[in-house]
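Fold and geometry: a report
Spelled out, the chains give:
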Amino acid sequence: QVQLVESGGGLVQPGGSLRLSCAASGRTFSSYTMGWFRQAPGKEREFVAAIAWNDDYLANSVKGRFTISRDNAKNTVYLQMNSLKPEDTATYYCAARTKGESDFGSWGQGTQVTVSS
């Protein structure tokens, strides 16, 4: 199992920006598909973004505002969040899917993002 540690959450005003980071263990990080998910109070967890070797995917609700990227040399994946809205408030989780897995099998502890004036 991959160990994941998120950081970068916090309180930000509407329209502001945050960058989340997720540091992963493992010597084959470049082969992992990495994802970001979020869960707001009283709601189910939802997909936000994912990045594989050459492709990235974004939920429609964040397209044009969020960007996912990775630095394989640092075993880190990032989620740049711009033009934040109150509805982006949630706990954000980093997840990893290794080559042998059919789904995301490793999860971080989560980092809180609160968008409020």
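See the structure shown above.
Everything in this summary refers to the structure shown in the same document. (Residues numbered from 1 in each chain as written. Predicted model: local features only at pLDDT ≥ 70, side-chain atom pairs only at ≥ 80, totals over all residues. Heavy atoms only, no water.)

1. A short note on the overall build of the chain
Put simply, the rule is: A run of H or I in DSSP counts as a helix once it spans at least four residues, and a run of E counts as a strand once it spans at least two, with each numbered from the N terminus. Just to be clear, the radius of gyration here is over C-alpha atoms, and the globule rule we use is 2.2 Å times residues to the power 0.38. To sort residues, take the accessible area from a 1.4 Å probe on protein chains only and compare it with the maximum for the residue type: under 20% means buried, over 50% means exposed, and anything in between is partly exposed. Residue contacts are counted whenever heavy atoms from the two residues lie within 4.5 Å of one another. Accessible areas in this description were obtained via Shrake-Rupley with a 1.4 Å probe; residue shielding takes into account the shown protein chains only. Residues scored as charged are limited to Lys and Arg (positive) and Asp and Glu (negative), so that His and the chain ends carry no count. By convention, the charge on Lys lies at NZ, on Arg at CZ, on Asp at CG and on Glu at CD.
When helices and strands are counted, the chain shows 0 helices and 11 strands. Along the chain, helices and strands appear, N-terminal first, in the series β-β-β-β-β-β-β-β-β-β-β. Here the C-alpha radius of gyration of the chain, 13 Å, is about what a compact globule of 117 residues would show, namely 13 Å. With respect to the three principal axes, the spread of C-alpha positions in the chain is 40 × 25 × 25 Å. Counting all 117 residues of the chain, 45% fall into the buried class. Residue pairs in contact within the chain that sit at least 24 positions apart in sequence constitute 54% of those at least 6 positions apart. Carbon and sulfur atoms provide 45% of the accessible area of the chain, an area that totals close to 6300 Å². Looking at the chain, you have 12 positive and 10 negative side-chain charges, and the mean spots of the two groups are 4 Å apart.

2. Remarks on the nonpolar core
Cut-off, in case you're wondering: Among the buried residues, those of types Ala, Val, Leu, Ile, Met, Phe, Trp, Tyr and Cys that are joined through side-chain atoms within 4.5 Å form a nonpolar core.
Ranked by size, the top nonpolar core spans 30 residues in total, and within it Met34, Trp36, Leu79, Met81 and Tyr92 carry the most contacts. Put simply, the parts of the chain that give this core at least two residues each are strand 3 (18-24), strand 4 (33-39), strand 5 (46-51), strand 7 (66-71), strand 8 (76-81), strand 9 (90-97) and strand 11 (111-115).

3. Section: the sheet that holds strand 7
What counts is decided by this rule: For two strands to be treated as a pair, DSSP must find no fewer than two bridges joining them. Interaxial angle, 0 to 180 degrees, is taken between N-to-C directions of lines fitted to C-alpha atoms, where a helix line uses only the stretch in contact.
Spatial ordering of the open sheet is given by 1-3-8-7, a layout of 4 strands whose pairing is antiparallel. The sheet terminates laterally at strand 1 (4-7) and strand 7, the two strands that pair on one side only. Across this sheet, the average inter-strand angle for adjacent strands is 15 degrees, counted without regard to direction. Summarising the sheet, strand 1 and strand 3 pair through 4 bridges and their orientation is antiparallel.

4. Examining the environment of Ala95
Relative to the assigned elements, Ala95 resides in strand 9. The class for Ala95 is buried, based on a relative accessible area of 0%. For the pair Ala95 and Trp36, spaced 59 residues apart in sequence, the C-alpha to C-alpha distance is 6.2 Å. Other than its neighbours up to four places away in sequence, Ala95 contacts Leu4, Thr33, Met34, Gly35, Phe37, Phe104, Ser106 and Trp107.

5. Structural notes on the state of the cysteines
Our working rule: Note that a disulfide, as used here, is simply two cysteine sulfur atoms within 2.5 Å.
Under the criterion given, the structure shown has 1 disulfide. Linked covalently through their sulfurs, Cys22 and Cys94 form a disulfide whose S-S length is 2.1 Å. Between Cys22 and Cys94 the disulfide shows an S-S torsion of about -80 degrees. By sign, it is left-handed. Here Cys94 lies in strand 9 and Cys22 lies in strand 3, a separation of 72 residues in the sequence. Of the two residues, Cys22 and Cys94, both sit in the buried class.

6. Some remarks on the pattern of salt bridges
The test is simple: By definition, a salt bridge exists where a carboxyl oxygen of Asp or Glu is found within 4 Å of a side-chain nitrogen of Lys or Arg.
According to the stated counting rule, one finds 3 salt bridges in the structure shown. Note that Arg65 and Asp88 form a salt bridge whose closest N and O atoms lie 2.7 Å from each other. Within this pair, whereas Arg65 is found in the loop between strand 6 (56-58) and strand 7, its partner Asp88 is found in the loop between strand 8 and strand 9, the two being separated by 23 residues in sequence. Note on Arg65: relative accessible area 10%, which makes it buried. Here Asp88 falls in the buried class, since its relative accessible area comes to 1%.

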